Every structure is written in C-alpha cells, then in structure tokens.
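# Understanding the architecture of this molecule
Here's the letter readout for the chains.
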Amino acid sequence: MLGWELPPHNSGGLGVACYFLSKSLAAQGAEIDFIVPYVAEHNISFMNILSATHLDPLYKFGMGAYDTSFIEAINFNHKDPGEIRSIRDIQRLYCDYVVRYLEDNKPETVHAHDWLTFEAGILAKRLHGIPFIAHVHATEFDRSGADGGNPVIHEIEYHGLCEADHIVAVSQATKDIIVSRYNIPAEKIDVVYNGFDAEAYDKEKYQYDESTLHYLEHMKSQGYTIISTVGRFTIQKGMTYLVRAAARAIQSHDKLIFLFAGDGEQRDELIRLAADLGIVDKVIFTGFIRGKQLRDIYSASDVFVMSSVSEPFGLTALEAAHHGNALIITKQSGVGEILGSIFRYDYWDIDTLADEIINVAKSPVLLSVLQDNIQREYTNITWDDVAHKCFTAYNKAMNPGGK
C-alpha cells in the first residue's frame, strides 16, 4: 500500500480512507506494508507502517501536497538527496525507498493512492511486474475546480492511470472524469464508494461537552441555527459560493451562524468577502482542526454544507451525519450518489443554497426529519464492503482477462 498520510498525521479525508480501508482489508486476511513519506508514531497494529524518508509529518504539509498551484515542476531525476526543494523531491525520495523495498520484498499487488504515489506504483510494475492498482480519491481536475490545474500533476495522473492494471474510483463522477478527460477505458475502472465505521468513532469514548462551545450553545438557545462546513480553503471546495449564499440567507433569516472549519490558500479572501458582505458577526473561522475539536464542531452544528465545485466523494459529510447534522450537498459531490435524505444543489446556485438553508432553519420539523433519516442511511455504508470490492479489483489486476 502506497499512501501519503495516515491518522493522526493526516490533513484530510485521504488519510482517514486509507486507514479504515487497510483495517478492513487486514480483517479479511490481507497482510499490508503501508509506506508513508515521513517518520511518526501511528499506534496501528493491523499493518506494518514503513517510513520512506526521515522527514517530520508536518514537513509534507508545508510542501503544497494538496494546494496544487504550489507544486514545482522540478526534474524528477534530480539526485541530490540532501536538498528538499518541493513536493517533487519528497516524491523522488519516496520512489527511491520503494525501489529499495522491492529488492527484498515481493508483494502480490501494489495499491497506490492518488497522484502522489502513482510514480512509485509504476516503478513496482515496470521493475518487477507487480500488478499495480491505482486508487483515485481525487483528480487534478477536481482539485483545480476547473479545466486547468497543474500540468505536472496531470501528466503523472495520466501515466499512472495508463500503466495501472486496474483502477478504483471513489464515485461514478470520478470514473466519468477518468474516462472523459484521460481517455481510460471504462471497463478498467471499478466504482468503489468510501465507507464509514460508526463503531470506531463510538469506541473513542468521545462525549460532547456543551460548555466547550458555550457561545454557540447560547446562541442555539436563542433560536439560532448553526451551519458548518469543513475542508481546505481552496477553489475545489467552493467556499466563496457558500459565503455569498450565507449573506443572502442572513438577509431573509437573521438567526443563522456559519462555521468555517479549515485553512488554505483562500482563507484571507474568504474573511475579506465576509467583511465586504457585512456578515462577519455571523461567520466564524476556526482555523485547521481535527480530532476532538473537529467532533465538537460537528456536535454543535445543526446543518452541514458541502459546497464543493468538484468533490469525488466527501467523507466529512458522513462524519457530520454521524454527529446528528442534516446535510446540504452539491450535485458535484460523489457522496450524494449514495444518500437520499439530503438537499442537493449546483455549486454555483447560491440562491438555491440560501433557500435550502432558510427552509431548514425555519422548520424544526424538516430539520429533525433530515437528521433522523440520514442516520438510517449512512450506517449502511461499511468499509468491509469497500475492502471486499478492492479484493475483486486485485483479482482483476492479477488475472487479466479472467484467467
């Protein structure tokens, strides 16, 4: 397994997905060596975690791994091991480690997650003929939120998808992008939605203390509805549309508070926009949070909005549902393909989003119905099913043509 992060050293949903997928694969009999590009303690016993570099986990976050405008197109063959100038140098060291690893280890398959590790997967296949599965959690078309994006990443994705013996896509929307934008045959791709492990969350013995977010709880007691969103502040996440929709909703219904949990390149822009629209007293920016702080935000919130321009899946929606939130999700978000008890809208349609927020906020009955019904849906989405489908993908990669 080739990945870029695992909890608690993750910056988003990719690490969470890798963790729970690996856990279910191991429970079904897989022996996993998981390679990460940093050194850290994970307290994970169901697989071996190997470090490709000596770097601290925070180092990789500073190298622009997910803010693709910062990726530098440095020659991948640059060979000075003492100089780390960009994410491309970390990837080079990662690939060097994988090559050394494969000198003494011959796994049955190599399962690589997203463009960050695709080059290492290609090396495993070319050097040793090991079947290579490319798992696509997001494409550069998703991350850029448009037709642009970083050409270096596009090239890596294209070659990885072409070389892969089989591809796993986290939604039908993601599969459609791979087929239409990269001209990959549809039969080479399996749609495997992410899962959710409610039992694992409950085992953490988390308990929300209302005094933790006293201000929000006081405002709720005064009839306010709390609307939250969680994610990186990038074009992909559509946060500017949400701020504008918030302003329109507040014009018609004053008792709304919006929580923006996260950080990213658009942070200052979003704060200025909220100020320009005159809603800074109703918008709270928490900064980057995870763990208990993130769960507290979910618990204090009534409604969770996923405003993404292009969201291959969207695990945060399931996390929010687990903590009792009603969901409003863009039609461009993959998780909406498997949920029914939600409101959906096109990411650019701020009028519809504002209307949906107002309707839920003004109707306690509607809010309660949405919250109750989503509880019955998300619990049926399990990582065990995801692992089973990944085993099917492994068999296809190892036995092309069904031989």
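Residues numbered from 1 in each chain as written. Predicted model: local features only at pLDDT ≥ 70, side-chain atom pairs only at ≥ 80, totals over all residues. Heavy atoms only, no water.

## Description of the overall build of the protein
For clarity, the threshold we go by: Helix and strand assignments come from DSSP, with helices taken as H or I runs of at least 4 residues and strands as E runs of at least 2, each series counted from the N terminus. It is over C-alpha atoms that the radius of gyration is taken, and the globule rule equals 2.2 Å times the number of residues to the power 0.38. The classification of residues rests on relative accessible area computed with a 1.4 Å probe and restricted to protein chains. Under 20% of the type maximum is buried, over 50% is exposed, and intermediate values are partly exposed. Whether two residues are in contact is decided by their heavy atoms, any of which lying within 4.5 Å being enough. Areas reported here follow the Shrake-Rupley algorithm with a probe of radius 1.4 Å; residue values treat only the protein chains shown as occluding. Under this rule, positive means Lys or Arg and negative means Asp or Glu; His and the chain ends count for nothing. Where a charge sits is defined by one atom per residue type, namely NZ (Lys), CZ (Arg), CG (Asp) or CD (Glu).
Each helix and strand in the protein was counted, giving 16 helices and 12 strands. Relative to a compact globule of 403 residues, whose C-alpha radius of gyration would be 22 Å, the protein shows 21 Å and is just as compact. Across the 403 residues of the protein, 57% fall into the buried class. Relative to all contacts within the protein whose residues are 6 or more apart in sequence, the contacts with residues 24 or more apart total 66%. As displayed, the protein offers around 16,900 Å² of accessible surface, 49% of which is attributable to carbon and sulfur atoms. The positive charge centre, built from 35 side chains, and the negative charge centre, built from 54, are 1 Å apart in the protein.

## Notes on helix α13 (residues 315-322)
The element α13 is extensively covered by neighbouring structure, given that 8 of its 8 residues are classed as buried. The set of residues buried in α13 consists of Leu 315, Thr 316, Ala 317, Leu 318, Glu 319, Ala 320, Ala 321 and His 322. A positive phi of about 90° marks Gly 324, the residue just after α13.

## Focus: the environment of Asp 176
Mapped onto the elements of the fold, Asp 176 is located in helix α7 (residues 172-182). Asp 176 gets classed as partly exposed once you look at its relative accessible area, which sits at 41%. The spatial distance from the C-alpha of Asp 176 to the C-alpha of Ile 189 is 9.8 Å, given a sequence separation of 13 residues.

## Description of the packing of helix α1 (residues 13-27) against helix α16 (residues 383-398)
How we decide: Convention adopted: a line fitted to C-alpha atoms gives each axis, helices being fitted over their contacting stretch, and angles between N-to-C directions are expressed from 0 to 180 degrees. For classification purposes, angles smaller than 35 degrees are called roughly parallel, those larger than 145 roughly antiparallel, those between 65 and 115 roughly perpendicular, and all remaining angles oblique. Gly counts as polar in this scheme, as do all residues outside two lists: the nonpolar Ala, Val, Leu, Ile, Met, Phe, Trp, Tyr, Cys and Pro, and the charged Asp, Glu, Lys and Arg.
Where α1 contacts α16, the two axes come as close as 8 Å, and the packing angle between them is 75°. The orientation of α1 with respect to α16, classified from their angle, is roughly perpendicular. Of the residues in α16, those touching α1 at Ala 17, Phe 20, Leu 21, Ser 24 and Leu 25 are Trp 383, Asp 384, Val 386, Ala 387, Cys 390, Phe 391 and Tyr 394. In terms of residue class, the contact of α1 with α16 is made up of 10 nonpolar, 1 polar and 1 charged.

## Digging into the sheet that holds strand β6 (residues 189-191)
Applicable threshold: Strands pair, by our definition, only if DSSP identifies at least two bridges between them.
Across the sheet, which stays open at both edges, the 4 strands sit in the order β3-β4-β5-β6 with parallel pairing between neighbours. Two strands in the sheet have a free side with no partner beyond their single neighbour: β3 (110-113) and β6. Each neighbouring strand pair of the sheet contributes to a mean axis angle of 25°, computed without reference to strand direction. Note: β3 against strand β4 (residues 132-136), 4 bridges, orientation parallel. Paired with Val 110 across the strands is Phe 132, a residue of β4.

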